[in-house]
Amino acid sequence: MYATTAGGRLQVPRGGAAQEFTITVRNGNARAYGALVVAFQMEIAINSEGPAAPQNGMVLEHRDPATGAWRAVELRVANDTLPPSLHKGGAPLAKDAVRTERYRIRATKGGPAVSMPLMITAVDTAAGQGTSSDRAFAARTSLTVSTLRQA
């Protein structure tokens, strides 16, 4: 799995336009996945300019390939990892298959000034209760997100 964006990092002005990125999941030849979901997480950011902002002041969206509409995606903000059994949803991914999905992120005007990783994990939600994290977390990557003051 890998994530790409123009410039290799996400630089989003607070209160400004979103920046797009893609995530490509390339399944090897070991096994098919029954339900693979892409999950996003950031550590908690301190907002020195005001009260804490939901989701660190970030809005994350996924582009629905069937309709072209952008739909909200959950961005977990925490300093620990959610156990794989608590992730829900996902779509099958066959052996040797490749799937590329489009996302975008923007920073709200009142969000904190940050530069930190957006952690991205492909989770096999069909793995079942008690499956080791090494097997349930199919792949991991990250992109750096930096929020900028609007000029």
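Residues numbered from 1 in each chain as written. Predicted model: local features only at pLDDT ≥ 70, side-chain atom pairs only at ≥ 80, totals over all residues. Heavy atoms only, no water.

Following the criterion strictly, the structure yields three aromatic pairs and no others. Seen from their ring centres, Phe21 and Phe40 are 6.3 Å apart, and the 80° between their planes marks the pair as edge-to-face. Of this pair, Phe21 sits in strand 3 (residues 19–26) while Phe40 sits in strand 4 (residues 33–42), and the two are 19 residues apart along the sequence. Comparing Phe21 with Phe40 shows no difference in burial state: the two are buried. (Phe/Tyr/Trp six-rings, centres within 6.5 Å; stacked < 30°, edge-to-face > 60°. Helix = DSSP H or I, 4+ residues; strand = E, 2+ residues; numbered from the N terminus. Buried < 20%, exposed > 50% of the residue type's maximum accessible area, 1.4 Å probe, protein only.)

Take the pairing of strand 11 (residues 137–148) next. Bridging between strand 2 (residues 10–13) and strand 11 involves four bridges; their strand directions are parallel. The partner of Val12 across the bridge, within strand 11, is Thr147. Note that strand 10 (residues 115–124) and strand 11 share nine bridges and pair antiparallel. Counted as the bridge partner of Thr121 is Arg140 from strand 11. (Pairing = 2+ DSSP bridges.)

Ordered by their spatial adjacency, five strands build an open sheet running 1-3-9-5-6, and the pairing between neighbours is antiparallel. This sheet does not close on itself; its edge strands, each paired only once, are strand 1 (2–4) and strand 6 (70–72). Going across the sheet, the axis of each strand differs from the next one's by a mean of 30°, ignoring polarity. Alignment of strand 5 (residues 58–63) against strand 6, held across three bridges, turns out to be antiparallel. Following the sheet pairing, Arg63 is matched in strand 6 by Trp70. (Axes fitted to C-alpha atoms, helices over the stretch in contact; angles between N-to-C directions.)

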